Amino acid sequence: MGTEATFRIWRGDPAGGVLQDYTTQVEEGMVVLDAVHHIQAQQAPDLAVRWNCKAGKCGSCSAEINGVPRLMCMTRLSNLNLNAPVIIEPMHTFPSIRDLVTDVSWNFRAKKTIKPFKPRPADAPDGTWRIQQADVERVQEFRKCIECFLCQDVCHVLREHRKHDEFIGPRLLVYTAALEMHPLDTEDRISDLRHVHNAGYCNITTCCRQVCPESITITENAIIPLKERVVDRYFDPMKRLFHIL
Amino acid sequence: MPEFQRFSYDVLVIGAGGAGLRAAIEASAHGARVGVVCKSVLGKAHTVMAEGGIAAALSNVDDRDSWRVHFSDTMRGGQYLNNWRMAELHAKEAPECVRELEAWGALFDRTPDGRILQRNFGGHRYPRLAHVGDRTGLEMIRTLQDHGIHTGMEVHMECTVLRLLLDEGRIAGACGFDRAKGRFYLWEAKAVVLATGGTGRVYKVTSNSGENTGDGLALAYSAGAELLDMEFVQFHPTGMVWPISVRGILVTEGVRGEGGVLRNSEGRRFMFDDIPDLYKEQTADNEEEGWRYTQGDKSARRPPELLTRDHVARCIRREVKAGRGSPHGGVYLDIAWIKKRLPKAEEHIKRKLPSMYHQFKQLADLDITKEPMEVGPTTHYMMGGVRVDGDSQMSTVPGLFAAGEAAAGLHGANRLGGNSLSDLLVFGRRAGRYAADFASSHAAAKIDEGELQAAAAASLAVFDRGPAGENPYQVQYDLQEAMQDLVGIVRMENEMQHALDELGKLRQRAERAGVAGNREYNNGWQTAIDAGNLLLVAEAITRAALLRQESRGAQFREDFPAKDAEWGKYNIIISRGADGGMRVEKRAITPLPSELKAVIEEMK
Ligand SMILES: Cc1cc2nc3c(=O)[nH]c(=O)nc-3n(C[C@H](O)[C@H](O)[C@H](O)COP(=O)(O)OP(=O)(O)OC[C@H]3O[C@@H](n4cnc5c(N)ncnc54)[C@H](O)[C@@H]3O)c2cc1C
Ligand code: SF4
Ligand code: SF4
Ligand code: FES
């Protein structure tokens, strides 16, 4: 192929930045991260970009490409309009470190506030558990998460309303769902979901589900069932009665 | 003089892949104050990419399996150069380590009666790999991460270790910088566990993550530790070959385990044409039997596509060289054909190999349930690494431990698929325990402030040269190109001599490297540092490969194509000589104790 394309990349740091144009050769099959690497090697050696696996598995290279949160290593140039500059910006929901790299450490601090896995005692004769494949599969969907935080990036509760201190966001609701629906887990996170992690802030816009590179059905399979559990506990008059008793 | 942020631990773990996290959890459990340093963000280490599974003789699917069979398989795969003590401990302890993961929340695929399901893999006699679809590494790292963060370890993520610090020959800690801000750090520690992973980035075509630049090997070597088996680099037979930009990305062996077959451009299943004697007994000699094996028929022998990786990789190379390759220089890997045998084959493939389906669809516009893939060899795994004691994982430097891909010994001349993830757990756990013991029986070591300042100054020199210096990215590319061409799957004396010359020139260029900008998240700076490590590892690989004048396991010498029984008695050891140059020596392998010899005989 061997044509040229222009990439308009945000360069800057916490103090501010600008979009800067770089033109580079593109070939068949290239992904956005390849183009960024070319630019880095040839024109802007100090261009900051976070990546590791370059195979869509580690969730490091999250960015906003033409305004859409995506993995740079899994976005093929052939799916973008190369007649106009391709705009590459860092995720907006997290503080800037430099250029395309943001500080995602909040996600790790927030995760620590969620009660960890607590299995029931092993009950099979060999000192382990018996679990059916069907029960495993329901949770495996959530465990596909690569922690790219693209869903966190797009969620308006975090992005616009900046509720990072009150709301754990879709990624961590998926994590909570994985724990709550784990066939061995015995912990109770419903009270925290309502009072600390504020699952109620989510109004099911499904924006998070639409950007998930792992196609996890975040809203329907994770968030809504969690919300139902909260409702069952706190708003169902019969259940509430029992809970108080 | 740069300022240092100072931290002090009993045990410092460098690396947060499976081995590092498992070591940190264990050291904490033994009461140690633990710090973990990693170059990437937590949970993103290369372990996340592992696909096929964890090898452990749980005997859930075939009750003929046991540690004895697993041990013999591992030794055979390693062509008997393995550290037999490690192979024994690994086979015995892997099942317990897998069950431990389950108790921490990992959810493996299940057998019909609800136990952990196990799948077939190359070189393993029975179905042995516990797995989660084709994303087992993600399951492992997330389980360890989510369990680990509640065990008290302190994690310094996106920090690069530059140097190990010594106090009269004993480990005293490490120093480095955080990538975000470029601030320098000192981590004092009574014991250090290196769990820095592999070296795949030495080559151009690789399945490895960007961070796999062999840092741990370079750090250990510079601290005076011995490296072992550096000539043994595993090339996985099936990586993507097209499009160019994704060349090298792994196509899991699971595709062949599920019935995928290799064909050349003439449509021939060429793997039937060359089955090594050592494996004749256990390999199917017709397509029908091979198919039955992949579908779980215990009386069938495995198809030749599941022979060891080195062999399959060389057969593919041979087909391509002979002009029987696919359009982009690979061969065909076909799983779509199983629709002739299975109802609902499409759904079956998508369920068993979801990531592969996804990967080809997204990166190559190819539907693997309908068309064959194009595949070719890719650099995959480093059998060599830091030489350690089999029980404790301590290196030849007191207080310095190593585990996982950064350590050597378990796999000998070739690793079996699935034996790495189990390696991380078994020896991560051992390293953590012994490091904690070492820390509790030793007083704090002294830090040499001069050494600290020297390390910082050396790393900053690239900024003085600035953009006028050599481009570090170019140095790295040229190094990868040279190693790919000259010290790859098939090796020759003259080519490797040439490689040493090239490495010498590259080293001079690396010493002139310059970097623009400042210290904040500067990929150029990181690349310049990586280049130094890659050069050291590349030289070690080349020197060891030159000395071993035979073909065995992953090392294939075109000028010495046969296996030489005499060489089977030696490992190659690399260390820094008194003159500062690299020392390469043969060292005799301790003979197997008679009990283990008997196990191998029994399993022949
Ligand atoms: C695509 C693919 C699939 C695979 N599939 C399987 C499989 O199915 N089964 C199997 O058994 N094996 C498999 N392997 C092999 C296996 O994944 C690796 O060998 C294993 O994950 C290595 O783990 P580790 O803990 O040793 O190191 P890694 O996971 O590589 O972690 C290294 C850690 O060290 C850190 N680090 C490195 N250098 C520095 C430094 N200078 N300073 C600070 N930190 C540093 C890194 O940031 C990282 O945290 C596969 C490999 C690949 C490439
Ligand atoms: S569905 Fe809920 S969690 Fe997802 S983006 Fe919308 S508000 Fe946020
Ligand atoms: S749920 Fe999906 S989008 Fe969100 S972090 Fe996980 S993989 Fe990324
Ligand atoms: S680099 Fe790992 S997901 Fe893109």
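In this text the structure is predicted, and so the values were computed from the model without any measurement. (Residues numbered from 1 in each chain as written. Chains lettered and ligands numbered in written order. Predicted model: local features only at pLDDT ≥ 70, side-chain atom pairs only at ≥ 80, totals over all residues. Heavy atoms only, no water.)

Quick notes on the interface of chain B and chain A
Where interface size is quoted, it is often the accessible area lost as the parts come together.
1) Next: With 62 residues of chain B at the contact, the number on the chain A side is 56 residues.
2) Next: For the pair chain B and chain A, the two sides together bury roughly 5,000 Å², of which 53% comes from carbon and sulfur.
3) Next: Among the residues of chain B in contact with chain A, B:K44, B:L107 and B:Y521 are the three that bury the most area, contributing 13% of the side total.
4) Next: Across the pair A:K111 and B:D146 runs a salt bridge whose closest N-O atoms are separated by 2.6 Å.
5) Next: Seen at the junction of chain B and chain A, the total is 33 residue pairs in polar contact (both at pLDDT 80 or more).
6) Next: The set of elements that each furnish at least two residues to the side of chain B that touches chain A consists of α3 (84-103), α4 (136-148), α11 (354-364), α14 (472-486) and α16 (523-547) of chain B.
7) Next: Taken together, the residues that form the side of chain B that touches chain A break down as 25 nonpolar, 20 polar and 17 charged. (Contact = heavy atoms within 4.5 Å. Buried area = accessible area lost by both parts, 1.4 Å probe. Salt bridge = Lys/Arg side-chain N within 4 Å of Asp/Glu carboxyl O. Polar contact = N/O pair within 3.5 Å; in protein donor to acceptor, adjacent residues only side chain to side chain. Helix = DSSP H or I, 4+ residues; strand = E, 2+ residues; numbered from the N terminus. Nonpolar A, V, L, I, M, F, W, Y, C, P; charged D, E, K, R; others polar.)

As for the domain arrangement of chain B
Residue and element names in this part refer to chain B.
1) Next: By domain assignment, chain B separates into domain 1 (236-379) and domain 2 (455-567).
2) Next: The gap between the C-alpha centroids of domain 1 and domain 2 is 31 Å.
3) Next: Of the roughly 500 Å² buried between domain 1 and domain 2, counting both surfaces, carbon and sulfur atoms make up 65%.
4) Next: The largest per-residue losses of area from domain 1 upon contact with domain 2 belong to D310, R314 and R317, which jointly make up 75% of the total buried on that side.
5) Next: At the surface where domain 1 touches domain 2, the tally comes to zero salt bridges.
6) Next: Run the count over domain 1 and domain 2 and you get zero residue pairs in polar contact (both at pLDDT 80 or more).
7) Next: The set of elements that each furnish at least two residues to the side of domain 1 that touches domain 2 consists of α9 (309-321) and β14 (373-382).
8) Next: In terms of residue count, the dominant contributor to the side of domain 1 that touches domain 2 is α9 (three residues). (Domains from an automatic or database assignment.)

So, the site of ligand 3
1) Next: Residues in contact with ligand 3, as listed here, are A:C145, A:I146, A:E147, A:C148, A:F149, A:C151, A:R171, A:C212, A:P213, A:I216 and A:I218.
2) Next: Class assignment of the residues belonging to the shell around ligand 3 gives a composition of nine nonpolar, no polar and two charged. (Near = heavy atom within 4 Å.)

Considerations on the sheet that holds strand β18 (residues 570-576) of chain B
All names here are of chain B.
1) Next: Taken in spatial order, the five strands make up an open sheet running β17-β15-β10-β18-β19, and their pairing is mixed. Two strands lie at the open edges of the sheet, namely β17 (407-408) and β19 (582-588), each paired on one side alone.
2) Next: When β18 meets β19, the two strands line up antiparallel, connected through seven bridges. Paired with R576 across the bridge in β19 is M582.
3) Next: Contacts from helix α5 (residues 215-222) reach β10 (227-228), β15 (385-387), β18 and β19, with the element oriented near 70 degrees to β18. (Pairing = 2+ DSSP bridges. Axes fitted to C-alpha atoms, helices over the stretch in contact; angles between N-to-C directions.)

Examining the site of ligand 2
1) Next: Looking at ligand 2, the residues that line it are A:C155, A:H156, A:P170, A:C202, A:N203, A:I204, A:T205, A:T206, A:C207, A:C208, A:T219 and A:I223.
2) Next: When grouped by side-chain class, the residues that make up the shell around ligand 2 number seven nonpolar, five polar and no charged.

Description of the domain arrangement of chain A
Residue and element names in this part refer to chain A.
1) Next: Under the domain assignment used here, chain A contains domain 1 (3-102) and domain 2 (105-237).
2) Next: Between the C-alpha centres of domain 1 and domain 2 the distance comes to 30 Å.
3) Next: Contacts between the two partners involve 14 residues from domain 1 and, on the opposite side, 17 residues from domain 2.
4) Next: A combined buried area of about 1,100 Å² lies between domain 1 and domain 2, and 57% of that area is made up of carbon and sulfur atoms.
5) Next: Three residues, P69, T93 and F94, lead the burial of domain 1 against domain 2; their summed loss comes to 50% of the area buried on that side.
6) Next: On the surface where domain 1 and domain 2 come into contact, there are one salt bridge.
7) Next: Where domain 1 meets domain 2, there are six residue pairs in polar contact (both at pLDDT 80 or more).
8) Next: Mapped by element, the contributors of at least two residues to the side of domain 1 that touches domain 2 are β3 (62-65) and β4 (68-71).

Describing the environment of B:F4
Residue and element names in this part refer to chain B.
1) Next: Looking at the secondary structure, you find F4 in strand β1 (residues 4-14).
2) Next: Here F4 falls in the buried class, since its relative accessible area comes to 11%.
3) Next: Taking the C-alpha atoms as reference points, F4 and A191, separated by 187 residues in sequence, lie 20 Å from one another.
4) Next: Filtering out sequence-adjacent residues up to four positions away, F4 remains in contact with C175, F184, Y185, L186, L452, Q453 and A456. (Buried < 20%, exposed > 50% of the residue type's maximum accessible area, 1.4 Å probe, protein only.)

Details of the packing of aromatic side chains
1) Next: Using the criterion set out here, one finds 15 aromatic pairs over all chains in the structure.
2) Next: Between the aromatic rings of A:F108 and A:F149, the centroid separation amounts to 5.9 Å while the plane-to-plane angle is 80 degrees, which identifies the pairing as edge-to-face. Within this pair, whereas A:F108 is found in helix α2 (residues 105-112), its partner A:F149 is found in the loop between α3 (133-143) and α4 (150-154), the two being separated by 41 residues in sequence.
3) Next: For A:F108, a relative accessible area of 14% corresponds to the buried category.
4) Next: Here A:F149 falls in the buried class, since its relative accessible area comes to 4%.
5) Next: Taking the centre distance of 5.5 Å and the plane angle of 40 degrees together, the rings of B:F4 and B:F184 count as tilted. Placement of B:F4 in strand β1 and of B:F184 in strand β9 (residues 184-194) is noted, with a sequence separation of 180 residues between them. Both residues of the pair, B:F4 and B:F184, belong to the buried class.
6) Next: Put simply, the rings of B:F4, B:F177, B:F184, B:F463 and B:W525 pair up and form one aromatic cluster.
7) Next: If you follow A:R194 out to its NZ or CZ, it ends over the ring of A:Y234, 5.0 Å from the centre.
8) Next: The ring of B:Y381 carries B:R415 above its face, with NZ or CZ at 4.2 Å from the centroid. (Phe/Tyr/Trp six-rings, centres within 6.5 Å; stacked < 30°, edge-to-face > 60°. Lys NZ or Arg CZ within 6 Å of the ring centre and 35° of its normal.)

Things to note about the sheet that holds β3(A)
Residues and elements named next belong to chain A.
1) Next: The mixed open sheet is built from five strands, whose spatial order is β2-β1-β5-β3-β4. One side of each edge strand has no neighbouring strand; the edge strands of this open sheet are β2 (16-26) and β4. Between one strand axis and the next, the sheet turns through 30 degrees on average, direction left out of account.
2) Next: The pairing of strand β1 (residues 3-13) with β2 spans 11 bridges and is classified as antiparallel. The residue bridging W10 from the neighbouring strand is L19, located in β2.
3) Next: Together, β1, β2, β3 and β5 (86-89) form the strand contacts of helix α1 (residues 32-42), whose direction differs from that of β2 by roughly 100 degrees.

Here's the deal with the environment of B:A499
Residues and elements named next belong to chain B.
1) Next: Following the sequence through the fold, A499 ends up in helix α15 (residues 493-511).
2) Next: Take A499: its relative accessible area is 1%, and that puts it in the buried class.
3) Next: Considering only alpha carbons, one finds A499 and I171, 328 residues apart in sequence, at a separation of 34 Å.
4) Next: Beyond its immediate stretch of four places on either side in the chain, A499 contacts L486, V487 and T542.

What to know about the pairing of β1(B)
Residue and element names in this part refer to chain B.
1) Next: Note: β1 against β9, 10 bridges, orientation parallel. Residue F4 lies in a different strand from β9, and its bridge partner there is F184.
2) Next: The sheet contact formed by β1 and strand β2 (residues 34-38) spans four bridges and is parallel. Across the sheet, residue V13 finds its bridge partner in β2, namely V36.
3) Next: Traced from β1 through helix α1 (residues 18-29) to β2, the parallel crossover comes out right-handed. (Right-handed = clockwise from strand over helix to strand, strands pointing away.)

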